[in-house]
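Residue-level listing of the chains:
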Amino acid sequence: MKHLVAVYGTLKRGRNNSHILRGARFVGTDWMPELSLYHLGPYPGAIKEPSPGVRVEVYAVTDTMLKTLDELEDFFPERPQSSLYIRQTMDTRHGSAWVYIYNRPVKTIQRLRSGSW
């Protein structure tokens, strides 16, 4: 089965984890104003919070790729409260897509106002 996934950090083209999406079909880009992006050091985290927008790339992935992404993002479907990221569906201009939402407090973390990491 194919799933759409919207990515905003290390999985984007040319970034250090983009190889994980090798073989996935690139669908396009979008700008998501319902998200805010935070700088977590070696990677970003997005939370559901209105902003000028977050730039995402949307890919069509297989079940196997989605499971690999869950592992990368420390998402545990059986215990989401202990996950570093929560996987949620959100609307994009390409259809409903999975987005990994950061699952920790961001009060003391730098917000990336550009919406791009």
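These lines cover the structure that appears in this document, whether it is placed above or below. From a predicted model like this one, the values you see are computed outputs, not experimental measurements. (Residues numbered from 1 in each chain as written. Predicted model: local features only at pLDDT ≥ 70, side-chain atom pairs only at ≥ 80, totals over all residues. Heavy atoms only, no water.)

1. With respect to unusual backbone geometry
Stated precisely, the cut-off is as follows: Each helix is a run of DSSP H or I of at least 4 residues and each strand a run of E of at least 2, with the numbering of both proceeding from the N terminus.
One non-glycine residue with positive phi stands out, namely Asp74, at about 50 degrees. Its place among the elements puts Asp74 in the loop between helix H1 (63-72) and strand S6 (85-92).

2. Digging into the sheet that holds strand S2 (residues 25-32)
Spelled out, the test is: Note on pairing: DSSP must find at least two bridges between two strands before they are called paired. In this analysis, axes come from line fits to C-alpha atoms, helices being fitted only over the stretch in contact, and the angle between any two N-to-C directions falls in the range 0 to 180 degrees.
Taken in spatial order, the five strands of this open sheet run S2-S5-S1-S7-S6, and their pairing is mixed. Looking at which strands have only one partner, the edges of the open sheet turn out to be S2 and S6. Ignoring which end each strand starts from, the neighbouring axes of this sheet average 35 degrees apart. Bridge count for strand S1 (residues 3-7) against strand S5 (residues 54-61) is five bridges, and the pairing is antiparallel. Across the sheet, residue Ala6 finds its bridge partner in S5, namely Val58.

3. A closer look at the side chain of Ser83
Which entries qualify depends on this criterion: Here's how the labels work: a residue is buried when its accessible area is under 20% of the maximum for its type, exposed when over 50%, partly exposed in between, all with a 1.4 Å probe on protein chains only. Pairing of N or O atoms within 3.5 Å defines a polar contact, subject to two protein rules: one partner must be a possible hydrogen donor and the other a possible acceptor, and residues neighboring in sequence count only if both atoms are side-chain atoms. Note on definitions: a residue-residue contact is assigned when non-hydrogen atoms from the two residues lie within 4.5 Å.
For Ser83, the location among the structural elements is in the loop between H1 and S6. Judged by its relative accessible area of 0%, Ser83 falls in the buried class. Looking at Ser83, its side chain comes within polar contact range of the main-chain nitrogen of Phe76, at 2.7 Å. Leave out the neighbours within four places in its chain, and Ser83 touches Asp74, Phe75, Phe76, Asn103 and Arg104.

4. Description of the layout of surface pockets
Take a probe with the size of a water molecule and roll it over the atoms, and the empty space left behind shows itself. Counted only if it meets this: In the cavity and pocket records, a cavity denotes points on a 1 Å grid over the protein atoms alone where a 1.4 Å probe fits but cannot get out, a pocket denotes an open set with protein on both sides within 12 Å along at least 5 of 7 lines, and lining residues are residues with an atom within 4 Å of a point. Grid points are joined across faces, edges and corners, and a volume is the space filled by probe spheres set on the points. For this classification, Asp, Glu, Lys and Arg are treated as charged, while Ala, Val, Leu, Ile, Met, Phe, Trp, Tyr, Cys and Pro are nonpolar and the rest, including Gly, are polar.
Empty space within the largest pocket amounts to approximately 210 Å³. Considering the residues around the largest pocket, the lining is formed by 15 residues, among which Thr10, Tyr43, Leu72, Glu73 and Tyr85 are closest to the centre. Here the residues of the lining of the largest pocket sort into 10 nonpolar, three polar and two charged.

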